[in-house]
Amino acid sequence: MCFSPEASFVVGGALVPATAYCVFAAWKKGRQFIPLALVPLFLGCQQIAEGFVWRGIEAGDSRLIQSASLVFLFFALAFWPFWWPFLAAMIEPRKRFRQAFGLVALVAIGWFWVLFYPLAVNPESLLTTEVVHHSIRYSYPNLAVYEYVPRPVLRLLYLLCAVLPMALSSNNFGRVPGLLLLGSAVLAAVSFDYAFVSVWCFFAAVLSAYLCVMFRRLPVAQLSSPF
């Protein structure tokens, strides 16, 4: 995330009551939306983790930097590319699309093993965390997967996996967050490529507050669960 630990902690803390409201609204109006209602909580935890990354950098505490970076990157590299297509499958009323989104979510589990697991096993040699232009950059250029797949191609595949199912949803509760994610990804890539992962996740955290508006507008008994 950009700027400071205070910004990370404030955003992360603010998303806790936002989650409580979204979950309450989803429970009353459409329980198939509960996984979507939990998104602000997960994003809040991720931002709080990055707040501790900032604290570790300020204190020169390498252990805190490493552990907090791994928590942040678990969400960024492993959790979100699975969770977004999983959400799309949960709320999609069209059977074939629901099955396709579910398949994407199943395949997306592979991101854990390809991107995150090597970092978790050997962070000392594979992961570098540093401040660049008031943002945090997580560098892991020596991952084995980069020997077989160019980084731009891998990033494109990641974005398609994380964003496309939601953007293709026939339900506004999938399509609107998906399009917001896509827009924020483009903005982060164009303006903050040096710290893309951190900045995009911060943008997503801020945008997730819009879910409160969406849940407020959701009619009671919007949809029955497709499962």
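Everything below is about the structure printed above this text.
The structure displayed is predicted, hence computed values, not measured ones. (Residues numbered from 1 in each chain as written. Predicted model: local features only at pLDDT ≥ 70, side-chain atom pairs only at ≥ 80, totals over all residues. Heavy atoms only, no water.)

Peer 1: What am I meant to see in the pattern of salt bridges here?
Peer 2: Two side chains carrying opposite charge are able to pair once their charged atoms lie near each other. Taken as a whole, this structure holds four salt bridges when the rule is applied. Here Glu58 and Arg55 are joined by a salt bridge, their closest N and O atoms 3.2 Å apart. Taken as a pair, Glu58 and Arg55 lie in helix α3 (residues 39–59) at a separation of three residues, close to a single helical turn. With a relative accessible area of 52%, Glu58 lands in the exposed category. Note on Arg55: relative accessible area 33%, which makes it partly exposed. The salt bridge partner of Glu130 is Arg137, with a shortest N-O separation of 2.9 Å. Here Arg137 falls in the partly exposed class, since its relative accessible area comes to 28%. Through salt bridges with shared partners, a single network forms among Glu6, Arg55 and Glu58. (Salt bridge = Lys/Arg side-chain N within 4 Å of Asp/Glu carboxyl O. Helix = DSSP H or I, 4+ residues; strand = E, 2+ residues; numbered from the N terminus. Buried < 20%, exposed > 50% of the residue type's maximum accessible area, 1.4 Å probe, protein only.)

Peer 1: Would you mind going over the pairing of strand β1 (residues 128–132) with me for this structure?
Peer 2: As a general feature of sheets, a regular strand has side chains that alternate between the two faces. As paired strands, β1 and strand β2 (residues 135–139) are joined by five bridges and run antiparallel to one another. Its bridge partner being in β2, Val131 is matched across the sheet by Ile136. (Pairing = 2+ DSSP bridges.)

Peer 1: I keep staring at empty space enclosed by the protein and nothing clicks. Help me out?
Peer 2: A probe matching the size of a water molecule, rolled over the atoms, marks out where space remains unfilled. On inspection of all chains with the given rule, the structure shows one cavity of 30 Å³ or more. Each pocket or cavity is described by its volume, and for the largest cavity that value is around 120 Å³. Elements with a minimum of two residues in the lining of the largest cavity: α3, α9 (172–191), α10 (196–207) and α11 (210–217). A breakdown of the residues in the lining of the largest cavity according to their chemical character gives twelve nonpolar, one polar and no charged. (1 Å grid on protein atoms, 1.4 Å probe; cavity = no way out; pocket = protein on both sides within 12 Å on 5 of 7 lines; lining within 4 Å. Points joined across faces, edges and corners; volume = space filled by probe spheres on them. Nonpolar A, V, L, I, M, F, W, Y, C, P; charged D, E, K, R; others polar.)

Peer 1: Explanation requested: α11 in the structure shown.
Peer 2: Residues spaced three or four apart along an α-helix point in a common direction, a consequence of the helix completing one turn every 3.6 residues. Burial in α11 covers these residues: Leu211, Cys212, Met214 and Phe215. Down the axis of α11, the buried side of the element spans an arc of 165 degrees, and every buried residue falls inside it. Exposed and facing more than 90 degrees away from the buried side of α11 are Arg216 and Arg217. (Arc of directions from axis to C-beta.)

Peer 1: Would you explain the packing of α3 against helix α4 (residues 62–91) in this entry?
Peer 2: Geometry of a packed helix pair, given as the angle between the helix axes and the separation of the axes. The interhelical angle for the contact between α3 and α4, taken along N-to-C directions, is 160 degrees, at an axis separation of 8 Å. Judged by the angle between their axes, α3 and α4 are roughly antiparallel. With respect to the hand of their crossing, α3 and α4 are arranged in left-handed fashion. In the contact of α3 with α4, the residues fall into 20 nonpolar, four polar and two charged. (Axes fitted to C-alpha atoms, helices over the stretch in contact; angles between N-to-C directions. Parallel < 35°, antiparallel > 145°, perpendicular 65-115°, else oblique. Left-handed = near helix turned anticlockwise from the far one by under 90°.)

Peer 1: Hey, could you run me through a nonpolar patch on the surface in this one?
Peer 2: A cluster of nonpolar side chains, namely Leu103, Leu106, Val107, Ile109, Trp113, Val114, Tyr117 and Val121, defines an oily patch on the protein surface of about 800 Å² accessible area. Elements supplying a minimum of two residues to the nonpolar patch: α5 (95–108) and α6 (110–121). The dominant element in the nonpolar patch, judged by the number of residues it contributes, is α6, at four residues. By secondary structure assignment, the location of Leu103 is in helix α5. On the basis of relative accessibility, which here comes to 52%, the residue Leu103 falls in the exposed class. (Patch = residues over 30% accessible without salt bridge, like charges linked within 9 Å, V, L, I, M, F, W, Y side chains within 5 Å. Areas by Shrake-Rupley, 256 points an atom, 1.4 Å probe, with all protein chains shown as cover.)

It is worth stressing that arrangement in space is one thing and function is another; only the former is reported here.
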